[in-house]
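Here are the chains, one letter per residue:
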Amino acid sequence: MHRLQRRLADFAAARGWEPYHTPKNLAVALSVEAAELVEIFQWLTPEQSAAVMEKEETAHRVTDEVADVLAYLLQFCEVLGVDVLDALAAKIERNELRFPVAGAPTSDRHSSE
């Protein structure tokens, strides 16, 4: 993961883009790329969305948008000093505590918190 972040940073530096790679700009770009991914699925039925990778053209669009989302997320994390894998591991641990598999029922509902 770190090698990819370094490669992205080097790519931006070679083009003089660092001044534009602020947390705000990267968060906005990440949001735009995520919206472009959503756009692919916008009017599809659940069955159509499950089969989206079966068509070469659509599969290519999905993989490109996934790459764009990940690239901006990694750049965002690099700029702010967030270890993306540590952040994800910590979030999974918190969710495991909030949403136990077995045990007493809880009033917590599933959310993206």
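This one's a predicted model, so the numbers in the text were calculated from it and none came from an experiment.

S.K.: So what's going on with helix α4 (residues 56–80)? Which residues, and what values?
M.R.: If you check α4, its first and last C-alpha atoms are 36 Å apart, about what 25 residues at 1.5 Å a residue would give, namely 36 Å. Within α4, the full set of buried residues consists of Thr58, Ala59, Val62, Glu65, Ala71, Leu74, Gln75 and Cys77. On its buried side, α4 packs onto α1 (2–14), α2 (23–41) and α5 (84–98). Following α4 by one or two positions, glycine 81 has its phi on the positive side, about 75°.

S.K.: Tell me about the pattern of salt bridges, and please be specific about residues and values.
M.R.: Applying the stated criterion across every chain, the model contains 2 salt bridges. A salt bridge links arginine 6 to aspartate 10; the shortest N-O distance between them is 3.3 Å. Placement of the pair is arginine 6 and aspartate 10 together in helix α1, with a separation of 4 residues, close to one helical turn. Given a relative accessible area of 37%, arginine 6 falls into the partly exposed group. Taken together, the shared-partner salt bridges connect Arg6, Asp10 and Glu78 into one network.

S.K.: Give me the lowdown on the packing of α2 against α4, citing residues and values where you can.
M.R.: For any two helices packed against each other, the geometry comes down to the angle between their axes and how far apart the axes lie. Viewed as axis vectors pointing N to C, α2 and α4 meet at an angle of 160°, and their least axial separation amounts to 9 Å. Between α2 and α4, the angle is such that the two are roughly antiparallel. Between α2 and α4 lies a crossing whose hand is left-handed. When the residues that make up the contact of α2 with α4 are grouped by side-chain class, the tally is 17 nonpolar, 2 polar and 5 charged.

Rules behind the numbers
Residues numbered from 1 in each chain as written. Predicted model: local features only at pLDDT ≥ 70, side-chain atom pairs only at ≥ 80, totals over all residues. Heavy atoms only, no water. Helix = DSSP H or I, 4+ residues; strand = E, 2+ residues; numbered from the N terminus. Expected span 1.5 Å × (residues − 1). Buried < 20%, exposed > 50% of the residue type's maximum accessible area, 1.4 Å probe, protein only. Contact = heavy atoms within 4.5 Å. Salt bridge = Lys/Arg side-chain N within 4 Å of Asp/Glu carboxyl O. Axes fitted to C-alpha atoms, helices over the stretch in contact; angles between N-to-C directions. Parallel < 35°, antiparallel > 145°, perpendicular 65-115°, else oblique. Left-handed = near helix turned anticlockwise from the far one by under 90°. Nonpolar A, V, L, I, M, F, W, Y, C, P; charged D, E, K, R; others polar.

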